[in-house]
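# Close look at the chain arrangement
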Amino acid sequence: MVLPLLFLVVDFMNFNYTATPCSNVPPPIVMKKGEYTYFDQKMAAGFEVFVRNVKQGSLRAGTQLAVVVLSCDFPIGGTAEAFAYDIRGNTAALLGEVGGANWGGDWGRGPDSIHITFKNSFLYVDSCQDDDCTTREVRTYALRDGKLVKVYVQTHKAND
């Protein structure tokens, strides 16, 4: 007996994103090989957007979700957001933003500070609560009537 393999049919490294972590980079972001570059004429500065992580999971039988961490790198520092997507076949619908991070040259934490776990029909997102990242926040999400709903928030001291 051959069991079907679960895999992402949606290629998030080559995807058109309608949500962006950068307020000055207008959507859509047409990602190619996990990278997108935008030059803001008014600011005379360039911004690079990267796919930093894609985590797949399910919140109940018959569902397939992915959380994609996108980062926007500024000349010094940056910002990142984790976006949840509902995957159906070869399409993905944005469910919402579930976590974030900000950093500068000597403060904050980068996109690798966003930790994503799918477990027991819940999505857990552990990220910095503030820019200094002295306190972390774990947000717990569940699917309710096809919508991603935050059901619990817990804070804890950051471990360095």
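For the structure, check the block above.
Below is a summary of the structure that appears in this document.

## Focus: the overall build of the protein
A count of helical and extended segments in the protein gives zero helices and 11 strands. Overall, the protein shows an N-to-C arrangement of helices and strands of β-β-β-β-β-β-β-β-β-β-β. Against the globule reference of 15 Å for 160 residues, the protein gives a C-alpha radius of gyration of 16 Å, in line with a compact fold. A principal-axis box enclosing the C-alpha atoms of the protein has dimensions of 55 × 35 × 30 Å. Burial status across the protein gives 46% buried among its 160 residues. Pairs at least 24 apart in sequence give 35% of the contacts found in the protein among residues at least 6 apart. Looking at the protein as shown, the accessible area adds up to about 9,200 Å², and 51% of this sits on carbon and sulfur atoms. Averaging the locations of the 15 positively and 17 negatively charged side chains of the protein gives two centres separated by 8 Å.

## What about the sheet that holds strand β6 (residues 78–88)?
Ordered by their spatial adjacency, five strands build an open sheet running β3-β4-β5-β6-β7, and the pairing between neighbours is antiparallel. Here the strands that pair on one side only, and so sit at the sheet edges, are β3 (35–40) and β7 (91–103). Strand-to-strand twist in this sheet, taken as the mean axis angle between neighbours without regard to direction, amounts to 25 degrees.

## Quick word on the pattern of salt bridges
Counted under the stated rule, the structure contains four salt bridges. In this structure, the salt-bridge partner of D86 is R88, at a minimum N-O distance of 2.9 Å. Taking the shortest distance from any N to any O, the salt bridge between R136 and D126 comes out at 2.9 Å. On the criterion of sequence distance, the pair formed by R136 in strand β10 (residues 135–144) and D126 in strand β9 (residues 122–128) is long-range, its members being 10 residues apart. As far as burial versus exposure is concerned, R136 and D126 are alike and both buried.

## Some thoughts on a nonpolar patch on the surface
A cluster of nonpolar side chains, V149, V151 and Y152, forms an exposed patch at the surface whose accessible area comes to about 250 Å². Structurally, V151 can be placed in strand β11 (residues 147–157). Overall, the relative accessible area of 37% leaves V151 in the partly exposed class.

## Remarks on the environment of A45
Topologically, A45 is positioned in strand β4 (residues 45–57). On the basis of relative accessible area, A45 is assigned to the buried category, the value being 16%. Along the primary structure A45 and P75 are separated by 30 residues, whereas in three dimensions their C-alpha atoms are 7.6 Å apart. Excluding residues within four positions of it along the chain, A45 makes contact with Y38, F39, D40 and P75.

## What about the state of the cysteines?
A full pass over the atoms with the stated rule returns two disulfides. The disulfide partner of C22 is C72, and the S-S distance across this bridge is 1.9 Å. On the sign convention where negative means left-handed, the S-S torsion of about 130 degrees between C22 and C72 marks this disulfide as right-handed. Of this pair, C22 sits in the loop between β1 (16–17) and β2 (29–30) while C72 sits in strand β5 (residues 65–73), and the two are 50 residues apart along the sequence. The exposure class assigned to C22 is buried, which follows from its relative accessible area of 2%. There is a disulfide in this structure between C128 and C133, and the S-S distance comes to 1.9 Å. Disulfide C128-C133: the torsion about the S-S bond is -75 degrees, which places it as left-handed. Residue C128 is classed as buried on the basis of its relative accessible area of 13%.

Cut-off values and rules
- Residues numbered from 1 in each chain as written.
- Predicted model: local features only at pLDDT ≥ 70, side-chain atom pairs only at ≥ 80, totals over all residues.
- Heavy atoms only, no water.
- Helix = DSSP H or I, 4+ residues; strand = E, 2+ residues; numbered from the N terminus.
- Rg over C-alpha atoms; globule rule 2.2 N^0.38 Å.
- Buried < 20%, exposed > 50% of the residue type's maximum accessible area, 1.4 Å probe, protein only.
- Contact = heavy atoms within 4.5 Å.
- Areas by Shrake-Rupley, 256 points an atom, 1.4 Å probe, with all protein chains shown as cover.
- Lys, Arg positive; Asp, Glu negative; His and termini not counted.
- Charge placed at Lys NZ, Arg CZ, Asp CG, Glu CD.
- Pairing = 2+ DSSP bridges.
- Axes fitted to C-alpha atoms, helices over the stretch in contact; angles between N-to-C directions.
- Salt bridge = Lys/Arg side-chain N within 4 Å of Asp/Glu carboxyl O.
- Patch = residues over 30% accessible without salt bridge, like charges linked within 9 Å, V, L, I, M, F, W, Y side chains within 5 Å.
- Disulfide = S-S within 2.5 Å.

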